[in-house]
Amino acid sequence: MNYMKPNIEAMDAYVPGEQMPGREVVKLNTNENPYPPTSAVIDAMRHELLGQLRVYPDPRAGRFCEAVGNLLGFEPDWVLAANGSDNLIVMIARAALGPGRRMAQPVPTFPYYDTQAQVEDAELINVPCDPETFALDIDALQAADADVTFVANPNSPTGITASNDDLRRLAAGLRGLLVIDEAYVDFAKDTAVSLTREFDNVIVLRTLSKGYSLAGLRLGYAVAQPAILRQLWKTKEIYNVTTLSQEIGLAAIRDQDHKNANAEKIKADRAKLAEALTQRGCRVWPSQTNFLMVAVPGGKAEPVGEALKARDVLVRYFKQPAVMNDKLRITVGSPEQNEKLLKAWDDAKANRP
Ligand SMILES: *Cc1c(COP(=O)(O)O)cnc(C)c1O
């Protein structure tokens, strides 16, 4: 009873991070922002919404795209909104991948690029990061000569960031598209968004899920040259961004102060948490994100992850031999959450057999 295409039957489904609804846990496993979004979203939800929900949303999310364009210094036709950046990854794969076409990515990275390459039955080329520093191998990514090269920058789950010079060199050397996924840009030092002006093959993805504390809303956008976005538009679901998302997203984009203040808190607490984990004998890689990649002394990441979970603290455990073996990825929470994590950590250590 194989009703589906062979590549769909053969592939594994994407496994989302655990959510544990209804349970009171310290949730540091999926890189959500610990602070609430701007309260301006409340007014946006009330604003004429009963009237607006009766009719279809603006398929272009025009006011939202205009606000993003104003913020970043682009005309609105350089911005394409979507139902989370996941939705943009799907659209790019639909438009540019398929049998006989190649997708390249660093490993480790965000696993959803791989999922979409498999859905489109494209060939996948994994380019290992440096096993010590987790730096991208720019030359090998270029040599893969793919139709689409996905780079999360800063990368997840490593937190490591490539310089704009490296990304520029990569963009210049590729015949295909270079997708730079800036999901964590709000916690980083730099952005590659200006590369879209220099190169007609660069697409930058952004999301409101992390920096703007709106993971539940599902809103992201792409920045690229209008000719590229006109092609992606063809693969879009007709009304992929709800009226509610457009209104709330607009309010969030307009309140940069709120987002930036939360990012500053998280960056300061990131340094404190890295210090506290280092004191406990962990190796902590430099991060420009809202999470830390951590190696536990004695290669004990799995039991430590389990012990934390038993104490209602969720972190993400990674076991990918030769790619990212035996590491924890820990989201930087509020000071209270980070305290609870460290308390659980010490308690687990004291009680280890
Ligand atoms: C969280 C994350 C996303 C998902 O963003 P959504 O807008 O919530 O779909 C995309 N890419 C990376 C690298 C992420 O970490």
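As shown above, the structure is provided for reference.
First, a word on scope: everything that follows refers to the structure included in this document. (Residues numbered from 1 in each chain as written. Predicted model: local features only at pLDDT ≥ 70, side-chain atom pairs only at ≥ 80, totals over all residues. Heavy atoms only, no water.)

Considerations on the side chain of Gln246
Phase 1: Within the element layout of this structure, Gln246 appears in helix H11 (residues 243–254).
Phase 2: At 2.9 Å, the side chain of Gln246 forms a polar contact with the backbone oxygen of Asp58.
Phase 3: Apart from the residues within four sequence positions on either side, Gln246 is in contact with Pro57, Asp58, Ala61, Phe64 and Val241. (Helix = DSSP H or I, 4+ residues; strand = E, 2+ residues; numbered from the N terminus. Polar contact = N/O pair within 3.5 Å; in protein donor to acceptor, adjacent residues only side chain to side chain. Contact = heavy atoms within 4.5 Å.)

Some words on empty space enclosed by the protein
Phase 1: One pass over the structure, following the stated rule, counts one cavity of 30 Å³ or more.
Phase 2: By volume, the largest cavity amounts to about 30 Å³.
Phase 3: Residue lining of the largest cavity: Pro37, Thr38, Tyr212, Ala252, Asp255, His258 and Lys259, and that is the complete set. (1 Å grid on protein atoms, 1.4 Å probe; cavity = no way out; pocket = protein on both sides within 12 Å on 5 of 7 lines; lining within 4 Å. Points joined across faces, edges and corners; volume = space filled by probe spheres on them.)

Brief notes about the packing of aromatic side chains
Each aromatic ring pair is summarised here by two numbers: the centre-to-centre distance and the angle between the ring planes.
Phase 1: With the rule as written, the count across this model stands at 10 aromatic pairs.
Phase 2: Measuring from centroid to centroid gives 6.3 Å for Tyr14 and Phe110, while their planes differ by 65°, and the two rings are edge-to-face. Taken as a pair, Tyr14 in the loop between helix H1 (6–10) and strand E1 (26–27) and Phe110 in the loop between strand E3 (102–107) and helix H6 (112–119) lie far apart in primary sequence, 96 residues in all.
Phase 3: What makes Phe110 partly exposed here is its relative accessible area of 21%.
Phase 4: Through pairs of rings, three or more aromatic residues link up here, namely Tyr14, Phe110, Tyr112, Tyr113 and Phe150.
Phase 5: Cation over ring: Arg197 sits above Phe74, and NZ or CZ is 4.0 Å from the ring centre.
Phase 6: Lying across the ring of Phe291, Arg329 places its NZ or CZ 5.5 Å from the centre. (Phe/Tyr/Trp six-rings, centres within 6.5 Å; stacked < 30°, edge-to-face > 60°. Buried < 20%, exposed > 50% of the residue type's maximum accessible area, 1.4 Å probe, protein only. Lys NZ or Arg CZ within 6 Å of the ring centre and 35° of its normal.)

Remarks on the pairing of strand E12 (residues 316–320)
Consecutive side chains along a regular strand alternate between the two faces of the sheet.
Phase 1: Where E12 and strand E13 (residues 324–331) come together, four bridges link them in antiparallel fashion. Across the sheet, residue Arg316 finds its bridge partner in E13, namely Arg329. (Pairing = 2+ DSSP bridges.)

Topic: the sheet that holds strand E9 (residues 283–284)
Each strand in a sheet pairs with its neighbour through backbone hydrogen bonds, running either in the same direction (parallel) or in the opposite one (antiparallel).
Phase 1: Taken in spatial order, the four strands line up as E9-E10-E13-E12 in an open sheet, and their pairing is antiparallel. Only two strands of the sheet have a single partner each, and these edge strands are E9 and E12.
Phase 2: One ladder, built from four bridges, connects strand E10 (residues 291–295) with E13; its direction is antiparallel. When the bridges of E13 are listed, Met293 appears paired with Arg329.
Phase 3: Each of E9, E10 and E13 touches helix H12 (residues 256–279); the most contacted strand, E10, lies at about 10° to it.
Phase 4: Contacts between helix H13 (residues 301–310) and the sheet are confined to E12 and E13, with E13 contributing the most and set at about 30° to the helix. (Axes fitted to C-alpha atoms, helices over the stretch in contact; angles between N-to-C directions.)

Comments concerning the layout of surface pockets
Phase 1: In this structure, the largest pocket encloses a volume near 1200 Å³.
Phase 2: Contributing to the lining of the largest pocket are 43 residues, with Tyr14, Val15, Phe110, Pro111 and Arg316 lying nearest its centre.
Phase 3: At five residues, E12 tops the list of elements feeding residues into the lining of the largest pocket.
Phase 4: Its residues assigned to classes, the lining of the largest pocket shows 17 nonpolar, 16 polar and 10 charged.
Phase 5: The volume enclosed by the second largest pocket comes to roughly 230 Å³. (Nonpolar A, V, L, I, M, F, W, Y, C, P; charged D, E, K, R; others polar.)

Notes on the pattern of salt bridges
Phase 1: All told, the structure shown has 19 salt bridges when counted by the stated rule.
Phase 2: In this structure, Lys319 engages Glu302 in a salt bridge whose closest nitrogen and oxygen atoms are separated by 3.7 Å. Separated by 17 residues along the polypeptide, Lys319 in strand E12 and Glu302 in helix H13 bring together distant segments of the chain.
Phase 3: On the basis of relative accessibility, which here comes to 34%, the residue Glu302 falls in the partly exposed class.
Phase 4: In this structure, a network of salt bridges that share partners links the residues Arg102, Asp145 and Arg175. (Salt bridge = Lys/Arg side-chain N within 4 Å of Asp/Glu carboxyl O.)

Here's the deal with the packing of H12 against helix H14 (residues 335–350)
Phase 1: Following both chains from N to C, one finds H12 and H14 inclined at 10°, their axes separated by 11 Å at the closest point. By the angle between their axes, H12 is roughly parallel relative to H14. From H12, Asp269, Leu273, Ala276 and Leu277 reach across to H14, where they touch Pro335, Asn338, Leu341, Leu342 and Trp345.
Phase 2: Split by residue class, the contact of H12 with H14 holds seven nonpolar, one polar and one charged. (Parallel < 35°, antiparallel > 145°, perpendicular 65-115°, else oblique.)

Notes on the environment of Lys343
Phase 1: Relative to the helices and strands, Lys343 is located in helix H14.
Phase 2: Taking C-alpha positions, Lys343 is 39 Å from Leu250, a pair spaced 93 residues apart along the chain.

Section: the pairing of E10
Phase 1: Burial analysis of E10 places five of its five residues in the buried class, the great majority of the element.
Phase 2: Here E10 shows no split at all, with Phe291, Met293 and Ala295 on one side and Leu292 and Val294 on the other all buried.
Phase 3: Count of turn residues in the E9/E10 antiparallel hairpin: six residues.

Comments concerning the environment of Gln19
Phase 1: As for its placement among the helices and strands, Gln19 is situated in the loop between H1 and E1.
Phase 2: By relative accessible area, which is 43% here, Gln19 ends up partly exposed.
Phase 3: Remark: the alpha-carbon pair of Gln19 and Val148, spanning 129 residues in sequence, is separated by 31 Å.
Phase 4: With residues near it in sequence (within four places) discarded, Gln19 still touches Lys27, Thr30 and Glu32.

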